[in-house]
Amino acid sequence: MNYFFLSRAGCTLLGLIVLGCVNNVYAERSQSGSLQELLILSLKNHPQLEASRANIRAAEARLVRAGLLPNPNGTIELENFAGSGNNKSFSNSEITVAFSQLIELGNKRKKRSNVADAEVEIASSNYLRTRVLILRDVSIAFIDLLAAQYQLQTDTQIHKSATTLYHSVSANVEAGKAPPVEEVKARVELSRARLAELQTKNAIVSLRDQLSWAMGHQALPVEELRADFFSVTRPQELGEIYATLTRSPDIVRQKARIAQRQHAVTLAKANRIPDLSVSAGIRRFEASDDTAAVASLSIPLFIFDNKKTFSVEAEANLTEELASMRALEFGLKSEIAKSQQIVSANYEEFLVMQNDVVPSAELALERIAEAYRLGKLSLLDLIDSQRTFFEAKRQLVQSAGQYHTAS
């Protein structure tokens, strides 16, 4: 898509740029390892931005060139020599030195400058869009890595709990208080926990590389990212987001394209006015050693090509850009509406997980652990309760990550 919030699972750049990066992952801005710090590093050193800046410089050079007057032409003519009779030598030759200047009519230079100025605006909006895409990619990679860090905390807790449970069960088996099969079950659970922790650690290594590439292949300044990951705010109303559409990079770029096409139409109409070419100089007659002034005025005759097709083409291009603007605005509103549905659903899901599911699972685990200690429940009941609790914590991390990605 060419929309300004090119998305992954609904991640809108509206929240990143147009609304000033207000997402909660920005909460700890003063600390090293924050998203803001990584975004600043990305915008300073990302190689993609250098190409966009070069494009702006090229457009600015074209703007300067468009405002320059046409260069004059200098001519030297030698006539009546190397012929026959009296014209065999240079004694009867005529030498003319003249300068000619094209005079553009219809204010073409100003109109040409207007077209070039709009092209500078297009290049600038492309630069802004590149910045937005970099911020989007870095933000998504940041959230993914941050979620993995919190997942690792949960997996480490699971590993510790499984280790403690295994040692406790082993002691009970040695004391004859529990059958040997319970030690096998506890060992299996410990192996599962160790494997999950290892997988998350490997995922973090990969996600760090992804974040580094998103930043333009820069080394991350810290080992651990920092943000208020589990703090979320109610999503904005749809109307509030629609009101900011005019500031989106793609809308800004499309407006610049429309302006460029409008100026191109004006220039095409002006180009239907023939330009004058004025020439003036001095002619020397070798035979009499006399001189005389010469002058000429020329104008092209638009007989076969009256330049009308250029106007037709320019107007068609303008119509295309105006239609593209309408399609773009429609597409943006449609995508924003879909994204807001996803954000709202993620927000409600996170609140349920945080305020209901996780606390309930934790309370159930405490009671089942106490019942197991008193011999009222089996080890399998305790293991199932632990799995339920830790799975709820994993889902809480996943839900928070989905919310931040989509908002």
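Conventions used here
Residues numbered from 1 in each chain as written. Predicted model: local features only at pLDDT ≥ 70, side-chain atom pairs only at ≥ 80, totals over all residues. Heavy atoms only, no water. Phe/Tyr/Trp six-rings, centres within 6.5 Å; stacked < 30°, edge-to-face > 60°. Helix = DSSP H or I, 4+ residues; strand = E, 2+ residues; numbered from the N terminus. Buried < 20%, exposed > 50% of the residue type's maximum accessible area, 1.4 Å probe, protein only. Pairing = 2+ DSSP bridges. Axes fitted to C-alpha atoms, helices over the stretch in contact; angles between N-to-C directions. Patch = residues over 30% accessible without salt bridge, like charges linked within 9 Å, V, L, I, M, F, W, Y side chains within 5 Å. Areas by Shrake-Rupley, 256 points an atom, 1.4 Å probe, with all protein chains shown as cover. Salt bridge = Lys/Arg side-chain N within 4 Å of Asp/Glu carboxyl O.

A. A look at the packing of aromatic side chains. Scanning the entire structure with this criterion turns up five aromatic pairs. A centroid spacing of 5.1 Å and a plane angle of 15° characterise the contact between Tyr 150 and Phe 229, whose relative ring orientation is stacked. Note that Tyr 150 is positioned in helix H4 (residues 108-174) and Phe 229 in the loop between helix H5 (180-214) and helix H6 (238-242), a separation of 79 residues in sequence. Judged on exposure class, the residue Tyr 150 and its partner Phe 229 are both buried.

B. Local environment of the sheet that holds strand E1 (residues 73-79). Read from one edge to the other, the open sheet built from four strands follows the order E1-E2-E3-E4, with strand pairing classed as antiparallel. Looking at the sheet topology across the chains shown, the edges are occupied by E1 and strand E4 (290-298). Put simply, the sheet's adjacent strands are angled 20° from each other on average, direction ignored. Direction of pairing for strand E3 (residues 276-285) relative to E4: antiparallel, over a ladder of nine bridges. What sits directly across from Ile 282, in E4, is Ala 293.

C. Expanded view of a nonpolar patch on the surface. A contiguous nonpolar surface patch, about 390 Å² in accessible area, is contributed by Ile 103, Leu 105, Ile 273, Val 278 and Leu 297. As for its position among the elements, Leu 105 is in the loop between strand E2 (94-103) and H4. Look at Leu 105 and you get partly exposed, because its relative accessible area is 30%.

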